[in-house]
Amino acid sequence: MDFDAASSTRPCSTTTAFHYRPGAGIETLLARGGLRPLSALPDHPKHQQTVRDQPDRFSELWRDLAEPLLGREYRNSGIYFTTIDFWKHPFHRANSGTGRVRVAVPIGRLDPATTVLTYVRDGCRIHEHPTAGALERAARFWTAERIQASLGIDRRGWFFPVPQLIAFTDLVHLQPPTSSDSEHVPRATQAPCSRVRACEEIRQSG
């Protein structure tokens, strides 16, 4: 059952993937026709900063988050989503400050052969294709309390332990956003704090 039809204790969707970014970036995103991996945008300031400061960042994330399931060599940095709807569940450590845009993409639009559902459970990293069963298991396990306790505890990234859907493709096409998908986050759930910004490459690759 999806979050919208389930109880309010289920912050994870089983049908929708969410990509969050500063509001100022939405026009550029839509002009490109969709989301692209950061590695496909070599002139992007975030790409240049990452390559300069952490030259192996993208390949290391691939080895941790995707290679155990997909089994091929690194090709691109991936497009990062989460199944957590932070608009409905504004975890206090993940939201503050100025407005952000949420892009909601049906999970069925992501190619299951090149998409990884990954998170940490009982000290082990889970790598699965986004099947209905895998998404339901993640939604059942990741209660609001577990998400709140896990955000920011891994130095590799704010979202590293919690459910992420990573599409290792060149482009995820977007339909024109609805008002609910393109408007700024309400004041109570506005932009992430500085610790989240320090890990933007993890969830804003694109």
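Please refer to the structure placed before this passage.
Residues numbered from 1 in each chain as written. Predicted model: local features only at pLDDT ≥ 70, side-chain atom pairs only at ≥ 80, totals over all residues. Heavy atoms only, no water.

### Here's the deal with the packing of aromatic side chains
In step 1: Under the definition given, this model contains three aromatic pairs.
In step 2: Look at Trp62 and Phe168: their rings are 4.8 Å apart centre to centre, the planes differ by 85 degrees, and that puts the pair in the edge-to-face class. In this pair, Trp62 is assigned in helix H3 (residues 57-65) and Phe168 in the loop between strand E7 (164-167) and strand E8 (172-173), connecting sequence segments 106 residues apart. Here Trp62 and Phe168 have matching classes, each one buried.
In step 3: Cluster of aromatic residues (ring-pair linked, three or more members): Tyr119, Phe141 and Trp142.
In step 4: Positioned above the aromatic ring of Phe160 is the side chain of Arg125, whose terminal nitrogen or guanidinium carbon lies 4.5 Å from the ring centre.
In step 5: A cation over an aromatic ring shows up here: Arg146 above the ring of Phe141, its NZ or CZ 4.0 Å from the ring centre. (Phe/Tyr/Trp six-rings, centres within 6.5 Å; stacked < 30°, edge-to-face > 60°. Helix = DSSP H or I, 4+ residues; strand = E, 2+ residues; numbered from the N terminus. Buried < 20%, exposed > 50% of the residue type's maximum accessible area, 1.4 Å probe, protein only. Lys NZ or Arg CZ within 6 Å of the ring centre and 35° of its normal.)

### A word on the nonpolar core
In step 1: Counting 31 residues, the largest nonpolar core has Phe81, Val105, Leu110, Leu117, Trp142, Leu165 and Val172 as the members making the most contacts within it.
In step 2: Broken down by secondary-structure element, the contributors of at least two residues to this core are strand E1 (16-22), strand E3 (79-82), strand E4 (100-106), strand E5 (115-121), helix H5 (132-141) and E7.
In step 3: In terms of residue count, the dominant contributor to this core is H5 (five residues).
In step 4: Once residues within four sequence positions are removed from consideration, Leu117 is found in contact with Ile126, His127, Glu128, Ala134, Leu135, Ala138, Gln164 and Leu165.
In step 5: In this structure, Trp62, Ala66, Tyr80 and Val116 belong to the second largest nonpolar core, which totals 10 residues. (Core = buried A, V, L, I, M, F, W, Y, C linked by side-chain atoms within 4.5 Å. Contact = heavy atoms within 4.5 Å.)

### A closer look at the pairing of strand E6 (residues 124-128)
In step 1: Relative to E6, E5 runs antiparallel, the two being bridged by five bridges. Of the residues in E6, the one forming a bridge with Leu117 is Glu128.
In step 2: Hairpin connection, E5 to E6: the antiparallel pair is bridged by two residues, and Asp122 has positive phi, about 55 degrees. (Pairing = 2+ DSSP bridges.)

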